[in-house]
Amino acid sequence: MLTFLVRRVAAGLVLLYVLATTAFAMMSLTGSDAARNIAGNLATPAQIAVKKHELGLDRPWIEQYAQWLGHAVRGDFGTSWFGGDSVSESLVLKAPVSLSIVVAGLLLATVLSVVLGVAAAVRRGWLDRVVQATAIVGYAVPSFLMALMLSATLAVQLRWLPATGYVPLADSPSGWLQSITLPAISLAIGAIAATAQQVRGSVIDVLRQDFVRTLRSRGMSERRVLFRHVLRNAAPPALTVLSLQFISLVGGAVVIEKVFGLPGVGSAAVTATVNGDTPLVMGVVVYLVLIVVAVNLLVDLAYGWLNPKVRVR
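Note that the structure is a prediction, hence the values are computed from the model and not measured. (Residues numbered from 1 in each chain as written. Predicted model: local features only at pLDDT ≥ 70, side-chain atom pairs only at ≥ 80, totals over all residues. Heavy atoms only, no water.)

Caption draft 1: Local environment of the overall build of the protein chain. A tally of regular secondary structure across the protein chain gives 12 helices and zero strands. Ordered by position in the sequence, the α and β elements of the protein chain form the string α-α-α-α-α-α-α-α-α-α-α-α. The principal-axis extents of the C-alpha atoms in the protein chain amount to approximately 85 × 55 × 35 Å. Classification of the 313 residues of the protein chain by burial places 39% in the buried group. Residue pairs at least 24 apart in sequence account for 74% of intrachain contacts in the protein chain once pairs closer than 6 positions are excluded. Accessible surface computed for the protein chain: about 17000 Å², of which carbon and sulfur atoms make up 66%. A distance of 17 Å separates the average location of the 25 positive side-chain charges in the protein chain from that of its 15 negative side-chain charges. (Helix = DSSP H or I, 4+ residues; strand = E, 2+ residues; numbered from the N terminus. Buried < 20%, exposed > 50% of the residue type's maximum accessible area, 1.4 Å probe, protein only. Contact = heavy atoms within 4.5 Å. Areas by Shrake-Rupley, 256 points an atom, 1.4 Å probe, with all protein chains shown as cover. Lys, Arg positive; Asp, Glu negative; His and termini not counted. Charge placed at Lys NZ, Arg CZ, Asp CG, Glu CD.)

Caption draft 2: Representation of empty space enclosed by the protein. The final tally for this structure, using the stated rule, is one cavity of 30 Å³ or more. A volume near 90 Å³ is recorded for the largest cavity. Lining the largest cavity are 13 residues, and of these Ser98, Val102, Val250, Tyr287 and Leu288 lie nearest its centre. Elements represented by at least two residues in the lining of the largest cavity include exactly helix H5 (87-123), helix H10 (222-260), helix H11 (265-275) and helix H12 (278-306). Take the lining of the largest cavity: its biggest share by element is five residues, from H10. Of the residues assigned to the lining of the largest cavity, the class counts are 10 nonpolar, two polar and one charged. (1 Å grid on protein atoms, 1.4 Å probe; cavity = no way out; pocket = protein on both sides within 12 Å on 5 of 7 lines; lining within 4 Å. Points joined across faces, edges and corners; volume = space filled by probe spheres on them. Nonpolar A, V, L, I, M, F, W, Y, C, P; charged D, E, K, R; others polar.)

Caption draft 3: Layout of the packing of H5 against helix H8 (residues 173-207). Where H5 contacts H8, the two axes come as close as 5 Å, and the packing angle between them is 35°. In the packing of H5 onto H8, the handedness of the crossing is right-handed. Partitioning the contact of H5 with H8 into residue classes produces 25 nonpolar, five polar and one charged. (Axes fitted to C-alpha atoms, helices over the stretch in contact; angles between N-to-C directions. Left-handed = near helix turned anticlockwise from the far one by under 90°.)

Caption draft 4: Summary view of the environment of Val259. The residue Val259 is located in helix H10 in this model. Sequence spacing of Val259 and Val14 is 245 residues, and the spatial spacing of their C-alpha atoms is 34 Å. With residues up to four places along the chain from it excluded, the contact list for Val259 reads Ala147 and Leu148.

Caption draft 5: Region of the structure containing unusual backbone geometry. Even without being glycine, Arg124 reaches a positive phi, approximately 55°. The topology assignment puts Arg124 in the loop between H5 and helix H6 (125-140). A positive phi is found at Arg159, a non-glycine position, where the angle reads about 60°. Position of Arg159 relative to the elements: it lies in the loop between helix H7 (143-157) and H8. Taking the relative accessible area as the measure of exposure, Arg159 reaches 68% and is therefore exposed.

Caption draft 6: Summary view of the layout of surface pockets. Quantified by volume, the largest pocket comes out at close to 310 Å³. Along its surface, the largest pocket is lined by 15 residues, and Leu55, Gln67, Trp68, Trp81 and Pro279 are the ones closest to its centre. Of all the secondary structure elements, the ones that give two or more residues to the lining of the largest pocket are helix H4 (61-72) and H12. It is H4 that contributes the most residues to the lining of the largest pocket, four residues altogether.

Caption draft 7: Summary view of the nonpolar core. With 53 residues, the main nonpolar core has Trp68, Ile101 and Val102 as its most contacted residues. Contributions of two or more residues to this core are made by helix H1 (2-29), H4, H5, H7, H8, H10, H11 and H12. When residues of this core are assigned to their parent elements, the largest contribution, 13 residues, is made by H12. Contacts of Trp68, omitting those with residues within four sequence positions, involve Ala20, Phe24, Phe77, Met282 and Val286. With 14 residues, the next largest nonpolar core counts Val206, Leu215, Leu226 and Ala234 among its residues. (Core = buried A, V, L, I, M, F, W, Y, C linked by side-chain atoms within 4.5 Å.)

Caption draft 8: Region of interest: the packing of aromatic side chains. The tally for this structure, following the rule as stated, stands at six aromatic pairs. On the basis of an interplanar angle of 25° and a centroid distance of 6.0 Å, the ring pair of Tyr65 and Trp68 is categorised as stacked. Linking Tyr65 with Trp68, this pair stays in helix H4, spanning three residues, or about one helical turn. The exposure classification of Tyr65 matches that of Trp68, with both residues buried. One aromatic cluster is present, built from ring pairs that chain together Phe24, Trp61, Tyr65, Trp68 and Phe77. (Phe/Tyr/Trp six-rings, centres within 6.5 Å; stacked < 30°, edge-to-face > 60°.)

So this is what it looks like as structure tokens:
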């Protein structure tokens, strides 16, 4: 198991290095003039040149990256060029907002997709057709469009939930739940559609296997066959889809945060990218990659628990 974990962590670090290098190189190619944006439209060329020298933008990007990487490996991601705030502290403040809607969306997607997928696979008939048709519709509608529709109906017209803003959990648990409900639902609908289809297909495949017939012939109840044997064997493909959906939820949160006016990491990433705020963009990239690596590691551990053969590959 230790070797299994070491290999997965090493692969995650390689992925982090590759993506960080790629992101830094792409920031140098965006054409955004951060020095001019900071100095303002009335700044003279000489003032802009001084600002570029202060930020190190007059050096080749590889030197800039080497300097950033040297500080990043020590946990120092620098300060935002525009706000002057520490990147690490800024991410610590914004991370709970993004994690709240992403984790809530993932939990919602997990529960509903398993219930709908298993129900469709076991009951079949009209329920199966309804679940499949609903999944296609849910998968086809973009999350930002779903967010706009939910906001217009449930928040603006019916006033059941707030349309914008975020309430920290420590300030008001009920207010926090209300503020993340619509964003989480907007993110989860697409994930529910994709995962429910995968769960349905996996459960149907397992139900057709010989060992299930054997268990039934021995008099084991349908409930015990389903929950103790079928779901365990059908879980690995569903876990794969859920891990991919988590990455999709993290990416979708960037847009959803803008729609609902949430001060999360996604909103900060959009603003920083437009302004050319390289330190903040790189901090966001590292933060998101670490989350994805951690989730994939948890999924791999779940694979190893469900199927011990995975650990010796």
